[in-house]
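So the chains spell out like this:
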Amino acid sequence: MLAWSAGDVRLVLRTGGDRPVALLSLGPAGLPAARPAGDPAEAAPLVEIQALGHGRFPGSHRYADTVTGARLRYVRHTTCRTGGAAELRVLQRDPVTGLLVTSVFRAADGVPAVRAWTEVAAEGPGTVRLQAVTSFVTGAFLADAGRTVDTCDLLHGDSDWVAENRWHRTPLRAAGLVAMDPEIHHHPPRGRFALTSRSSWSTGEHLPTGALVARDDAWSVAWQIEHNGGWHWEVGERRTGAYVALLGPTDAEHQWSTTVGAGREFSSVPVSVAVAAGGVDDAMAALTRQRRALRAGRPDRRRLPVVFNDYMNTLMGDPTTEKLLPLIDAAAEAGADYYCVDAGWYDEDGNWWVSVGAWQPSATRFPGGLGEVTDRIRERGMVPGLWLEPEVVGVESPVAAALPDEAFFQRYGARVVEHGRHHLDLRHPAARAHVDAVVDRLVADFGVGFLKLDHNIMPGPGTDLGGTSPGEGLLAHNRAHLDWLDSLLERHPRLLIENCASGAMRMDYAMLSRLHLQSTSDQQNPLLYPPVAAAAPASVLPEQAGNWTYAQQDMTEEEAAFTLATGVLGRLCLAGRLDLMAPARLALVREAVAAHKGLLPRIAESLPWWPLGLAGTPGPWVAQGLRSPDGSESWLTLWHRPGADPELEVPVRQLRGAEAVAEVLFPAGAPEWPLRWDAERGVLHVSCPATGPVARVLRLRRG
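Residues numbered from 1 in each chain as written. Predicted model: local features only at pLDDT ≥ 70, side-chain atom pairs only at ≥ 80, totals over all residues. Heavy atoms only, no water.

Visitor: Would you mind showing me how to read unusual backbone geometry here?
Guide: Both trends apply: most residues other than glycine have a negative phi, and most peptide bonds are in trans. Geometrically, the link from Phe57 to Pro58 is a cis peptide bond, its omega value of 0° lying close to zero. Topologically, Pro58 is positioned in the loop between strand S4 (49–51) and helix H1 (67–71). The peptide bond linking Phe666 to Pro667 adopts the cis configuration, its omega dihedral lying at -10°. Considering the arrangement of structural elements, one finds Pro667 in the loop between strand S36 (660–666) and strand S37 (675–678). The phi dihedral of Val162 falls on the positive side, at around 60°, and the residue is not glycine. Mapped onto the secondary structure, Val162 falls in the loop between strand S10 (152–158) and strand S11 (166–171). The phi angle at Asp217 is positive, at roughly 60°, despite the residue not being glycine. Tracing the backbone through its elements, the reader meets Asp217 in the loop between strand S13 (206–214) and strand S14 (220–225). The class for Asp217 is partly exposed, based on a relative accessible area of 34%. (Helix = DSSP H or I, 4+ residues; strand = E, 2+ residues; numbered from the N terminus. Buried < 20%, exposed > 50% of the residue type's maximum accessible area, 1.4 Å probe, protein only.)

Visitor: Which parts of the structure should I look at to understand the nonpolar core?
Guide: The tendency in soluble globular proteins is for nonpolar side chains to be buried as a group. One finds Tyr339, Trp345, Leu578, Val589 and Phe666 to be the most contacted residues of the largest nonpolar core, which totals 90 residues. Counting residues per element, this core draws most heavily on helix H14 (residues 583–603), which supplies 9 residues. Apart from residues no more than four positions distant in its own chain, Val589 is found in contact with Ala334, Ala551, Leu564, Leu574, Leu578 and Met581. Among the nonpolar cores identified, the runner-up in size contains 58 residues, and Leu13, Val114, Cys152 and Val235 belong to it. (Core = buried A, V, L, I, M, F, W, Y, C linked by side-chain atoms within 4.5 Å. Contact = heavy atoms within 4.5 Å.)

Visitor: Just checking my understanding: could you explain the pairing of strand S27 (residues 450–453) for this structure?
Guide: The two faces of a sheet get side chains in turn, since along a regular strand they alternate between them. Alternating residues of S27 divide into Phe450 and Lys452 and Leu451 and Leu453, and every residue in both groups is buried. Note that strand S22 (residues 383–388) and S27 share 4 bridges and pair parallel. When the bridges of S27 are listed, Leu388 appears paired with Leu453. Inspection of the sheet shows S27 paired to strand S28 (residues 496–499) by 4 bridges, in the parallel sense. In the strand pairing of S28, Leu453 is matched with Asn499. Once the chain exits S27 it traverses helix H10 (residues 470–491) before rejoining the sheet at S28, and the crossover so formed is right-handed. (Pairing = 2+ DSSP bridges. Right-handed = clockwise from strand over helix to strand, strands pointing away.)

Visitor: Would you explain the pattern of salt bridges in this entry?
Guide: Note on pairing: side chains with opposite charge can pair once their charged atoms come close. In the structure shown here, the tally under the stated rule is 51 salt bridges. One salt bridge in this structure joins Asp109 and Arg81, with 3.2 Å as the shortest N-O distance. Taken together, the residues Asp109 in the loop between strand S7 (99–108) and strand S8 (113–122) and Arg81 in strand S5 (residues 73–82) connect sequence positions 28 residues apart. Arg81 shares its class with Asp109; the two are exposed. Across the pair Arg491 and Asp440 runs a salt bridge whose closest N-O atoms are separated by 3.0 Å. Residue Arg491 is located in helix H10, and its partner Asp440 is located in helix H9 (residues 429–446); the two are separated by 51 residues in the primary sequence. Exposure remark for Arg491: the relative accessible area of 35% places this residue in the partly exposed category. Given a relative accessible area of 28%, Asp440 falls into the partly exposed group. Each of Arg602, Glu605, Glu633, Glu663, Arg699 and Arg701 takes part in one network of salt bridges that share partners. (Salt bridge = Lys/Arg side-chain N within 4 Å of Asp/Glu carboxyl O.)

Visitor: Looking at this model, I keep getting lost on the packing of aromatic side chains. Mind explaining?
Guide: How two aromatic rings sit relative to each other is given by the distance of their centres and the angle of their planes. With the rule as written, the count across this model stands at 14 aromatic pairs. Their ring planes at 40° and their centres at 5.9 Å tell us that Phe193 and Trp233 sit as a pair that is tilted. Residue Phe193 is found in strand S12 (residues 192–197), and its partner Trp233 is found in strand S15 (residues 231–238); the two are separated by 40 residues along the sequence. Classification of Phe193 as buried rests on a relative accessible area of 14%. Through a chain of ring-to-ring contacts, three or more aromatic side chains come together here, namely Trp345, Tyr346, Trp352, Trp353, Trp359 and Trp387. The side chain of Arg56 reaches across the aromatic face of Tyr63, ending 5.3 Å from its centre. Lying across the ring of Trp353, Arg421 places its NZ or CZ 3.5 Å from the centre. (Phe/Tyr/Trp six-rings, centres within 6.5 Å; stacked < 30°, edge-to-face > 60°. Lys NZ or Arg CZ within 6 Å of the ring centre and 35° of its normal.)

Visitor: Help me understand H14, please; the structure alone is not making it clear to me.
Guide: A rise of 1.5 Å per residue sets the reference length of H14, with its 21 residues, at 30 Å; its end C-alpha atoms lie 29 Å apart and thus fit the reference within 8%. If you look at H14, its biggest bend is around 30°, right at Lys597, and the proline Pro601 turns up within four residues after that. Burial in H14 covers these residues: Arg585, Leu586, Leu588, Val589, Ala592, Val593, Ala595, His596, Leu599, Leu600 and Ile603. (Expected span 1.5 Å × (residues − 1). Bend = angle between axes of the 7 residues up to and from the residue.)

Visitor: I keep staring at the sheet that holds strand S39 (residues 694–702) and nothing clicks. Help me out?
Guide: Strands belonging to one sheet form pairs held by backbone hydrogen bonds; the direction of such a pair is parallel or antiparallel. Strand order across the open sheet formed by 5 strands is S32-S33-S34-S39-S36, with antiparallel pairing between neighbours. The sheet is open, and its two edges are formed by strand S32 (607–609) and S36, each paired on a single side. Each strand axis lies, on average, 25° off the axis of its neighbour in the sheet, ignoring direction. Where S36 and S39 come together, 6 bridges link them in antiparallel fashion. When the sheet's bridge partners are listed, Ala660 is paired in S39 with Arg702. (Axes fitted to C-alpha atoms, helices over the stretch in contact; angles between N-to-C directions.)

Visitor: Got a minute to help me understand the environment of Tyr339 in this structure?
Guide: Along the chain, Tyr339 turns up in strand S21 (residues 338–341). As a C-alpha pair, Tyr339 and Pro404 span 65 residues in sequence and 35 Å in three-dimensional space. Setting aside anything within four residues of it in sequence, one finds Tyr339 in contact with Phe308, Asp310, Leu324, Leu327, Ile328, Ala331, Ile377, Met382, Val383, Pro384 and Gly385.

In structure tokens, the structure reads:
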């Protein structure tokens, strides 16, 4: 046995006997290790590898029971400290293929989570073609006698354009792990619950985050796959309990395969796994701590400006000098720190979708030059920003002809075309030089300090240029894209970057460990935005969750406050025709911005909670909260949508049994909501006399 404690997590692995290494116990460091309920010899192998010519036994669609994974045997392990974290490396060998497989675990101090990935090399002169490599496999959290498939729920999320972050809590038996008798059949079950995201939108269909939770909320484990391309995770059942397998791209799901041999190694995509002695909120709090640990090395992580963006429900991609100058003045009056000119600044003739790529400012939209606009932004005390979609080149762009074919994704010798665009392959030096030159020019010519990087197409399974599998080409591009972002931020350390892909279609921590802000949606209906914004902190740090607020002059005061409240407890992404507002309405916007700025330092250390639950169909009442790490102070946004009851009971578990004071933070001058705190039950009673859309941001403090 090998026991390893680091950060705030404890792992126990089986390393002896004629068996592959297995993770027998995974839990918070302060709790005793789980005692395996069955034979430890039946525990899931630490690594599953699908290799051509070796397959599975028994056959199935699952990433379990691989022949190569079953043949791996322990060689040695090492421990060290690197980058402010403890690291464990466990080496195994397959005597048949000669594969050398290293499982890497890294734990940051004080964080109840590990980051893990798998490194694969090969001995001897030949090569082995890999078709799938798990980054993490375990059933350890179901090892205790009281933890069974029948008493465990699965938390999983769907995502779609303008309908992001839809979470479900499903009993494992109802999720496809059908009860059967493995003893009488002499084989384990073959079913699974699986989610897969394809192509370059890592969150375009499903979320790379999930959790297993005890039905009584006594324990939980949550995970995230940190990759900006295709991934796969699944939960299945072995003979003695459930397992979770986390992977990057695979052959079956993503047309990915690669070879390893002398001088050619492979590393899987990293994943994070967090554990908690509690339910969903505790699991997501542990993941929140892990996400901050991933960003700990970023010196600019505490720079949290308010950004005004002129796209959503404002100019909608039609900027001109005439429209922008009064809007810039109004944004400054409202308290914005940055001003981002969104899509359209390069458009001359309205045909920009298929002609983008050069990213030169329009002369017709800006008769005095784009510099006149960016100069005004700086004069008003703000930092100028621009929208950019650097990975695409329109089919009618002169850049499409100027760059070589090898600089673009290809299939069978032809360039990939999707929605009128080619996709750059950032492995190629010409593609890299092009995007570098674009950003360097915008920074040098216009003093740009903020970029909103968008990504609105999916190029299919990838590129087969050079004889690779399409999925292998996509993975290499994904990694080249991350390397480009790293080098960009190294050259321009004051540059802040928003991550956007048609809203939140690439909301993953390969991107967000590097970038500063995440657009949470393109949702234009303020009544439909609250469920998206409320669930966002399960996927992204609260201080990175850019929620649009687009108050307008023609809204009632309560309707304007409703949309403004959506941004207060995240990162308020300001929009709306502020230049057309009467002084009283602009004052309401200014109040929301001031309330948000006052909370930002606390938001950046807070932990999320969902008093009405994270999973399930949103009702007319929507609630999302943040709490201080010590639980002494909590903040809560309540959205009352049409049809909601006038009375609501809000459970506040962290303050149960304590005297607490509740107050409205925003909007301060709105009609009062009677609030009553029930300390014994830990419940806040809320009364809302309105019938239409109304929202309040509250604070609860001990004593």
